[in-house]
Amino acid sequence: MAQCVQSVLEFVQDSFVPLVAVLCSEEAERVTRKNNLNFAELLRPFCRLTSDGHIRDPNNQVQVVKNLRICVNNVVTSPSTSSAALSPAQRRLLNEVVLSCQPQESSAANVITAGDYDLQFSDHSLKASTPWYSAWRETLLEVSTSKHYTATTPWFEAYRENFLHTMPASDHEFLNHYLACLLVVSSTEAVPVEQFLKLSQEQHRIQHSGDYTNPKWFIPNTLKYYVLLHDMSDGDEQRADTVYEDMKQRYGPQGCYLLKINSRTVSAEEDEQIPDPWSQYLHRNHLHNQDMLDDVAPALNSSAVENDVGTAEVDCHQLTEKDGASNSLESHPLQLDSVSSSGSLHTLNAVNTDPKKGARDPESQVGGAGSHGARLTLNDHDHIRQFIQEFTFRGLLPHIEKNIRQLNDQLVSRKGLSRSLFTATKKWFGGGKVPEKSINEPKSTCGLLYPPEAPELQIRKMADLCFLVQHYELAYSYYHTAKKDFLSDQAMLYAAGALEMAAVSAFLQAGAPRPYPAHYMDTAIQTYRDVCKNMVLAERCALLSAEILKSQVKYSEAATLLIKMTSEDSDLRSALLLEQAAHCFINMRNPMLRKFAFHMILAGHRFSKAGQRRHALRCYCQAMQVYKGRGWSLAEDHINFTIGRQSFTLHQPENAVTAFRQILTNDSRQTATQQGAFLREYLYVYKSVMGGNEVGLPQLPLPCIHSSATRVYFGHERRLAEGEKQAATHVSLDQEYDLDLAAMWCRLEEQLVAAVNRGVVPGNFQPTQCCLNSQTNNLHHPLAVVEEPIIVEVTFRNPLKVSLALSNLSLLWRFTPDGEKTEESPGEAITNEKDTLAQGMSQKDDIITTEIIQEFHMGPEETKLARLRLLPHRTGQLNIVGVVYNLSSASSGEMAPSTEGQQTLDGLMVVHGRQDLKIQGLRLNQTKEDKMLVRHGPDRRLDPIITPPMPLMEVFFLQFPTALLCGEIRKAYVEFCNVSGVALCGLRVASTHPDFFTFGSQATTPLSPASAENCSAYKTLATPPGDQPGSVSEMVVSAKDFNQMSNVIEIPIDGGTLQPGESTQLPLWLRGPDQEGVHEINFLFYYESAEKGIKISHRVLRHTVFICASRSLSVQASACRSSVPPHHSLDDKSSGGTLVFIDVENINTSEAGVREFHIVQVSSSSQHWRLHKCINPTKDKDCKLTSRERAKLCFRATRCKPHQAASDAVKKYTFADLNLGNERIISSATPCGDFFFRCCRSSESQRAGATSARISSSNKSQGSVPAVDRTSDLTNMVKKCNELDLNLIIIWKAYVIEDNKQLILEGQLHVALQTIGKEASSLTPKEEAQEMVLFKFKSELPPPVALPSVELSQLIKTNLHYPETYTHLFLQDSLCVVPVTLTLSNCSLAQVDVIIDLRHKSTSPESLEVHSSFTWVGQTQYKLQLKGQEVLCLTLRACFLQAGVYNLNTLRVFAKPVEQDAMCETSQQTASPALIIINNA
């Protein structure tokens, strides 16, 4: 149970106190009324004795009476009421007592220790064990520190106190019967003694005439105590003393008292402040008096009283002034006239029952017309206190002691010497006979009813007297005896009363000689409730027992007892007891929070039924502390719904809105119908709260906004394709964000910015972000441009299963303009909140135009995106705060009729509000502090800076293909439009595939009429009539003519500037990728403003295309040295030539509709070599290839002329064109030359990357010890002798059938021949994964550099020159000697030692096939030294013995570089067999 102000002993003792009646004369009442009190009220604050009293028991032992309190009431007669139930007036009294006592709003919290933790509880101590506490620590802390939680329950104590004092007197017990009567007469009476006589006779008549059943008197000989009241301010004190002396003579000094009061003058009232001890006693009594007066009206039904909110919540604020007949707990207006005239007829002021003020608050008490005790001084207080003490010690206690002795003497005198008290009582009082029935009381269902003089009742009377004077041990023995007697007679009501008091007496005995018999109480409660049907006595029993059990820390038993006492007959009692049971659960050693919460819910429900809405609300709020956040969503919904309704009824609309918002925002598991009801309740409550006097926009709970998913787009949305035009894709809100793609665009932008800034990326560079989301870098304020829209995409989620209708949806913003901030007047933020309140958005349109979405419907549980636009017209700082909209339920009907001031839309309730967009930035993880703490960086995507106007470019593509053959050349057009009011310049583009396109160069752009005729993308020339197909045409081109050698390409627009509104169209040549498949090709266009010094340095425009490349031709090429001696070649007198073999295969599949390919031209481009002529055996004009066909072409290549070689710093390339058809394509012009240079550069970069990777990996594995420079130079020199560096361009045409039309496609493939003898292909081989290299920590010495034998075997090229046939007359000369010239060519640039050996040592099968009977004559071994590139001729002689075919190529040549002393000569590769035919003449 909740903590009480009183201790258990005090509570139990104060529940049963001696009752004293008061009869006042009319004049005495007038004297006390000067203090705004009647006589009983005057005495009430002083009724607790401050000193101990003494009494002697029957054994003459002195018993100390400590802390005794007496109860003084006016005598009021009332008709008999049943003690089994409370009257409607009593019920209403209790209802109003509970209603008027509410928890304090701000109570100081105390820190107490629970287990190992310090908890902050309001005024409540809790013992919690550590294991339990770890699981429920947060919830318990929340409950205990909540403003709704109070550990003490003053309303329960007030109820309990009033309940115990309004209990009707019962005949089966004497505890609430009157023991004495005070007769009060004023000293101003003419003959006071006559007034005493009248009052004495009146008391005797009330007690003994039999006309009145109430009040009840303890013993026939009631103590009468005579009090003479003297008004010090009015009466004659000497006369009063004289009268008092006469009274002492007449009534004895112990039976009378002179009480002097009203010593304070009227003038002194204003000067001195005297404490008012009466306030705390009078509130309850006033309510009680009024209800007793109301009892004259027809009795109200108890359930109607408790369940009618008007009775409990409203009427208590409208209490009218009524005359209280007296302050007796059983007061009634139908009393005797004489008593009325001499009693307490007075007027009490209406009580202020503001629930916010506690029962102890003086302002909430009676006394509006004047304070209590205004005429009393502190001495008068002492006089009253002394009077009570005199009366008790000299009158009441001796009277009780005398009656105890008399009763004991009666019992002892009738007791046999050898019998027990119980058997003697049965004998003397006729133990076997049935007690006669009372005339007025029929036999009840609870057993026998004894007459007042029955011996069993004398024992009970004896026990009650002992109990009232705290002789608990003797009382217990008498109660125990009476219990047995009553049980034997089956008098169950009497037995239950004896059991109850026996248990209480056992508990109150000092030193606790016996344990508290809780089973006595349980039996008594069960008997009262089930047998006697008396819930009032059962309730009293339960209240006492529960408090005793609580004091013994038996909270579980106390809770069980309290829960059993709940029933349907009284909602108020059930609510209070359930609340106390809940407090028992939370006070246990291991607090049972869930049971606490559950029983608080039950208590709240019963409070609500009893009309106690404030207490109901408090109970639900306390229970909510436990249920929230535990996953019990249905319970939370129920509690919140109830809290909302109760708060609304109690005129707490803000709390009601908050509670309903909780229901709507949680992921509810309710049905759609229930959710719809919740939503309608919320809308109705919300409208009632706002009413129309809106100060600011309130936050709405629906729909849920996923703030972190908010995306912000800066700029106009992309225009779609217009006719043949295809707009650049750029960035749009429809695209998904890809981190890898964003990094790729950032790299392209860095390349562009670096190209503009001389190859360096500025330190303050920030990549352009047109669309911001949760994955982008939002640490910096984004830059937006004046007159360009800002689109905010907000993600709404409807958590309910009912539809929502949003209207007038727009953004809420705050804007600080530039240029207005001065020292005197700093720039003030402008907001559109007031505009949205007025439902009009036009006022701020000159600053920012806000778009409004008129209707926005959301289906059940739907997630929907809303794109809201702002158009800024001024520069400054913009902050997008949130969204503002009207919310209504999309379902129609079942709505409360719209009242005045509420907006209705198609009969629906509409509320106007806002939701803020609060985005939490990414967690910081840079410093140690960031990692230790949870810190989040800023997210500024909703706080753009509006900058001055910038140029805005749009790009359109015309005739742009989606599918190409590998290597196909296609011409398209690109259009650049400046759609802003600012000129743009510095137009550039970067791409992930720079070899895919070219804008050409102005010097080489094809303008030939032939290309225009044939719709060809190439620059073509018709073949002159004299030329044969296969003839060569040369052109030397400088590499700087193709200045677009980097990834960044400057776009050649006229004048370099695009004025506002201008557009220009440029040709764009495309070449299909060499690899088949779908290729994603990205373009990033870059441009700047013609005006400088703007915050935004540049702008970019993205474009992404997907090209499907299908297979066309596969070209394999190889080269070998020509065996023709240089001086035999008529075309070229240089050092010799090379044969180039080109193998072309049609690998196209038939899906593309390609009928056949024609190889129309083969061109070469190199700094050192050129194609010389076509030496195909078949002189076909054209080479046609249908599907899967192959063809082989053979060409001869020669070195370029020395003066054309790259001697200058500028590289010069020789383009040689060998056309196989009727027209010649100029390969050095656009686009052929552009794509050649681009493809070469990309392949070179790939090769360089692979080489550097190999070098770095070898350096890592072998240690970075530098090799000898001489060796590396020699290696390069040796390699160069086999380098060819000849690039081939194979130009083809494809004939395609499409839609029954024949189209001609054209394209080019590139093959780079690097080395003689090594095959090259147009198809790049798939990269193989690099092998893992073991990582070595210790650097090793590099191995000696061994020159590759393949290169060393090709240092010297040999040629034999001789007649193919030689005729000799062997008859004349048997020896035929033929001269043979051996030409040695040094292919390298180093000096070479050569050894020539002519001796026959060949065992190869080729040499054995021919006749070997020839020999070299003359010198058979030579040792020569050749300089770099030197050609040397030796004349040899071969001697033949007979005719035949001979292979002259039997000599062996060895060579080594001169500088390699330690190296052996390497055998050189020989040419093909040299066959000579010797004929016999």
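Residues numbered from 1 in each chain as written. Predicted model: local features only at pLDDT ≥ 70, side-chain atom pairs only at ≥ 80, totals over all residues. Heavy atoms only, no water.

1. Looking at unusual backbone geometry
Okay, step 1: With an omega dihedral of -5°, the bond running from Asn214 to Pro215 counts as a cis peptide bond.
Okay, step 2: Even without being glycine, Arg758 reaches a positive phi, approximately 60°.
Okay, step 3: Checked against the element boundaries, Arg758 lands in the loop between helix H27 (739–756) and strand E15 (771–772).
Okay, step 4: At Arg1188, a residue that is not glycine, the phi angle is positive and equals roughly 65°.
Okay, step 5: Following the sequence through the fold, Arg1188 ends up in the loop between strand E43 (1183–1185) and strand E44 (1190–1199). (Helix = DSSP H or I, 4+ residues; strand = E, 2+ residues; numbered from the N terminus.)

2. Description of the sheet that holds strand E9 (residues 256–261)
Okay, step 1: Here we have five strands laid out as an open sheet, ordered E4-E1-E7-E8-E9, and parallel in their pairing. Strand pairing shows two members of the sheet lacking a second neighbour, strand E4 (71–74) and E9, which therefore form its edges. On average, each strand axis in the sheet is inclined to that of its neighbour by 30°, with strand direction left out of account.
Okay, step 2: Of the strand pairs in this sheet, strand E7 (residues 178–186) and strand E8 (residues 223–231) are connected by seven bridges, and their pairing is parallel. Each bridged residue has a counterpart across the sheet, and for Leu183 the counterpart in E8 is Tyr226.
Okay, step 3: Along the sheet, helix H7 (residues 192–208) makes contact with strand E1 (19–24), E7 and E8, crossing E7 at roughly 150°.
Okay, step 4: Contacting E1, E7, E8 and E9, helix H13 (residues 378–413) runs over the sheet at an angle of about 165° to E9. (Pairing = 2+ DSSP bridges. Axes fitted to C-alpha atoms, helices over the stretch in contact; angles between N-to-C directions. Contact = heavy atoms within 4.5 Å.)

3. Overview of the side chain of Lys1293
Okay, step 1: Checked against the element boundaries, Lys1293 lands in strand E47 (residues 1283–1298).
Okay, step 2: The exposure class assigned to Lys1293 is buried, which follows from its relative accessible area of 14%.
Okay, step 3: Within the local environment of Lys1293, its side chain forms a polar contact with the side chain of Glu1223, the two groups lying 3.0 Å apart.
Okay, step 4: Filtering out sequence-adjacent residues up to four positions away, Lys1293 remains in contact with Glu1156, Phe1157, His1158, Val1160, Glu1223, Ile1304, Leu1305 and Glu1306. (Buried < 20%, exposed > 50% of the residue type's maximum accessible area, 1.4 Å probe, protein only. Polar contact = N/O pair within 3.5 Å; in protein donor to acceptor, adjacent residues only side chain to side chain.)

4. Quick word on the pattern of salt bridges
Okay, step 1: Counted by the stated rule, this structure contains 49 salt bridges.
Okay, step 2: A salt bridge links Lys609 to Asp571; its shortest N-O distance comes to 3.8 Å. Of this pair, Lys609 sits in helix H22 (residues 593–609) while Asp571 is found in helix H21 (residues 571–586), placing the two residues 38 residues apart along the sequence.
Okay, step 3: For Asp734, the salt bridge is made with Arg867, and the minimal N-O distance between the two is 2.9 Å. (Salt bridge = Lys/Arg side-chain N within 4 Å of Asp/Glu carboxyl O.)

5. Notes on the packing of helix H17 (residues 492–508) against helix H19 (residues 535–551)
Okay, step 1: For the pair H17 and H19, the least separation of the axes is 11 Å and the interaxial angle reads 20°. Considering their axes alone, H17 and H19 lie roughly parallel with respect to each other. You can see that H17 and H19 cross each other, and the crossing is left-handed. Across from Leu493, Glu500, Val504 and Phe507 in H17, the residues of H19 making contact are Leu537, Arg540, Cys541, Leu544, Ile548 and Ser551. (Parallel < 35°, antiparallel > 145°, perpendicular 65-115°, else oblique. Left-handed = near helix turned anticlockwise from the far one by under 90°.)

6. As for the environment of Pro994
Okay, step 1: Within the fold, Pro994 resides in the loop between strand E30 (984–991) and strand E31 (997–998).
Okay, step 2: Sequence separation between Pro994 and Phe1083 is 89 residues; the distance between their C-alpha atoms is 9.0 Å.
Okay, step 3: If sequence neighbours within four positions are ignored, Pro994 has contacts with Asn1047, Arg1238 and Arg1241.

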